[in-house]
Amino acid sequence: MDLEINYEIARVAEFILSHSFTRVALQFPDELLKDSMRVVKSLRKEINSSAVKLYVMADTTYGSCCVDEVGAAHVNAECVVHYGHTCLSPTSKLPALFIFEKASISTSNCASKLLDYGVKSDKPILVLFGLEYAHAIPDIKKNLASSVSTIVGSTSMSNLLYADVICSFISPSETCQPASQVGPVDSQNYSIGGLTWRLPEGRKMEDYSLFWIGSDNPAFSNVVLTFNSCEIVRYDAAEDCLMTDISQQKKILRRRYYLVEKAKDANMIGILVGTLGAAGYLHMIHQMRDLITKAGKKSYTFVMGRPNPAKLANFPECDVFINVSCPQTALLDSKEFLAPIITPFEAMLALERGSQWTGAYVMEFRDLIASTPSIPREQSEEARFSFIQGGYIEDLDLQADTEEVEKDEILALVNTTEKALQVRDDNTQHLTKSEAKSGAEFFASRSYHGLDINSTDSVPGNFLTGRSGKASGYTHEKTEKSHL
């Protein structure tokens, strides 16, 4: 592997020197960490300045596709150079330079597959690709152009459209304006996952067949979900084959709609903070809180890095979790989790009364900020039909609790706990209410609360000596065996 070319040593050094950065954080994913020391040595040689300090970052708190601004802040870095796969989410504080991975691909074979598909297709083709194959697009265009010149009358090939990479350098966003919208910027401009393109006048996305160059990864899943009305094929560069059957990927859409229906029946909802660097994440968290409150439900916010079933199992009171994260880490397969995990867009569908899914799917939560109407909707008081429970149900009214939270959140939590304890029956030790409306009531309804401390008895208890030794044979067990 040519280190100078793949890691663009000269370009990174020029970027650092031209901006006069003195403290630079180099972020590597796990699979590229083995080359980090060689990259640092090459950069130091190219920069040739003792004033520039380079710091290697690894094991990011959240997804490695996002810029780790928290890790960079630990060394007071002035910028971040991000290597490898990225989602190109705008940063909130630090400028970032992205060096895309350069995956191997046979450009001639890819152009041949694209040509064969284009000749058979009766629609114009839009070529999308993973950012790791951006370096190969000029060669694919060149190989395809020489082959198309020999074909006459191919309408789809004459209307071939390529997406472009938005940029490889991002400055901090001062506002929540979306930098890479999933929908149209105007009537003809589109972008997703760091790619952008403009459709000819009079064309719509539904008129195109999508040709994806890359692997079956979260970036491809985002394309399938977002443009679910388009015909999509995928060229797998590693296997050198064209995948025309993406029915498994489209099953994700049905799964997501099922999770939306489950979220409608939730009483307590957890908000997972899946990023601390993407611009607009705080705004989206506050928007989710307001949405949950207006829907008459309780919300709790969790910051725990990368979620897994063991972590979320510590909060069984939450019926569903909302993952506020970048588009490529927001979709979590929650089959192994106790509670489903949904995206902010799915939360809006579930919690806004009267919302109907039109087929459109939005992954960028920054686009949701821009598309959300400022006029608040009034929640309907009528019972709604639950497809999960198979009957009509009424949503809980937490308006009284909401007013308390606005006055004093701590006092409100104490009052809620007292209410939960007051509805307990001393004989049965069970809640008389059917559903808990807060974490305190959920705790009160549990059969086990930890150590049972009798507060009415002021006499301290005696200390007891516990067991000692190994579980396979405690000390007292060995003593009993010796007497036999």
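Residues numbered from 1 in each chain as written. Predicted model: local features only at pLDDT ≥ 70, side-chain atom pairs only at ≥ 80, totals over all residues. Heavy atoms only, no water.

Caption draft 1: How the structure looks around the overall build of the chain. Scanning the chain from N- to C-terminus turns up 18 helices and 21 strands. Of all 484 residues assigned to the chain, the portion counted as buried reaches 46%. When contacts within the chain are restricted to residue pairs at least 6 apart in sequence, those whose partners lie at least 24 apart make up 69%. A total of about 25900 Å² of accessible surface is found on the chain, and carbon and sulfur atoms cover 52% of it. (Helix = DSSP H or I, 4+ residues; strand = E, 2+ residues; numbered from the N terminus. Buried < 20%, exposed > 50% of the residue type's maximum accessible area, 1.4 Å probe, protein only. Contact = heavy atoms within 4.5 Å. Areas by Shrake-Rupley, 256 points an atom, 1.4 Å probe, with all protein chains shown as cover.)

Caption draft 2: How the structure looks around unusual backbone geometry. Residue L88 is not a glycine yet carries a positive backbone phi of 55°. For L88, the location among the structural elements is in the loop between strand 3 (79-83) and strand 4 (96-99). In this structure, D240 takes a positive phi of about 55° despite not being glycine. Tracing the backbone through its elements, the reader meets D240 in the loop between strand 12 (231-236) and strand 13 (241-243). Exposure remark for D240: the relative accessible area of 32% places this residue in the partly exposed category.

Caption draft 3: Main features of the pattern of salt bridges. Summed over the entire model, instances satisfying the criterion amount to seven salt bridges. Ionic pairing is found between R38 and D35, a salt bridge with its closest N-O pair at 3.6 Å. The closest approach of N and O atoms between R256 and E346, which form a salt bridge, is 2.7 Å. Of this pair, R256 sits in helix 9 (residues 247-264) while E346 sits in helix 13 (residues 344-351); the two residues are 90 residues apart in sequence, bridging distant segments of the chain. Take E346: its relative accessible area is 1%, and that puts it in the buried class. (Salt bridge = Lys/Arg side-chain N within 4 Å of Asp/Glu carboxyl O.)

Caption draft 4: Just the packing of helix 9 against helix 13, in detail. Contact pair helix 9 / helix 13: the axes reach a minimum separation of 8 Å and the direction vectors enclose 50°. Put simply, helix 9 runs oblique to helix 13. Between helix 9 and helix 13 the crossing geometry is right-handed. Residues R256, V260, A263 and K264 of helix 9 touch helix 13, and the partners they reach there are E346, L349, A350 and L351. (Axes fitted to C-alpha atoms, helices over the stretch in contact; angles between N-to-C directions. Parallel < 35°, antiparallel > 145°, perpendicular 65-115°, else oblique. Left-handed = near helix turned anticlockwise from the far one by under 90°.)

Caption draft 5: Representation of helix 5 (residues 107-120) in the model. With 14 residues, helix 5 extends 20 Å from end C-alpha to end C-alpha; this agrees with the ideal 20 Å at 1.5 Å per step. Those residues of helix 5 that sit buried are T107, C110, A111, L114, L115, Y117 and G118. (Expected span 1.5 Å × (residues − 1).)

Caption draft 6: Representation of the packing of helix 2 (residues 9-18) against helix 3 (residues 36-47). The contact between helix 2 and helix 3 brings their axes to 9 Å, and the two run at 55°. With respect to their mutual orientation, helix 2 and helix 3 come out oblique. Considering how the two elements wind past one another, helix 2 and helix 3 form a crossing that is right-handed. Of helix 3, the residues touching helix 2 (which contributes I9, A10, V12, A13, I16 and L17) are V39, S42, L43, E46 and I47. Considered class by class, the residues forming the contact of helix 2 with helix 3 number nine nonpolar, one polar and one charged. (Nonpolar A, V, L, I, M, F, W, Y, C, P; charged D, E, K, R; others polar.)

Caption draft 7: View of a negative patch on the surface. Taken together, D30, E31, D59 and E101 make up a surface patch of like negative charges. D59 sits in the exposed class, given a relative accessible area of 63%. (Patch = residues over 30% accessible without salt bridge, like charges linked within 9 Å, V, L, I, M, F, W, Y side chains within 5 Å. Lys, Arg positive; Asp, Glu negative; His and termini not counted. Charge placed at Lys NZ, Arg CZ, Asp CG, Glu CD.)

Caption draft 8: Spatial organisation of the packing of aromatic side chains. Under the criterion given, the structure shown has 12 aromatic pairs. A centroid spacing of 6.1 Å and a plane angle of 45° characterise the contact between Y117 and F211, whose relative ring orientation is tilted. Of this pair, Y117 sits in helix 5 while F211 sits in strand 11 (residues 209-213), placing them 94 residues apart in sequence. Judged on exposure class, the residue Y117 and its partner F211 are both buried. Taken together through their ring pairs, the aromatic side chains of Y7, F28 and Y83 make up a single cluster. For the cation-ring pair, K141 lies above Y162, with the distance from its terminal atom to the ring centre recorded as 4.9 Å. (Phe/Tyr/Trp six-rings, centres within 6.5 Å; stacked < 30°, edge-to-face > 60°. Lys NZ or Arg CZ within 6 Å of the ring centre and 35° of its normal.)

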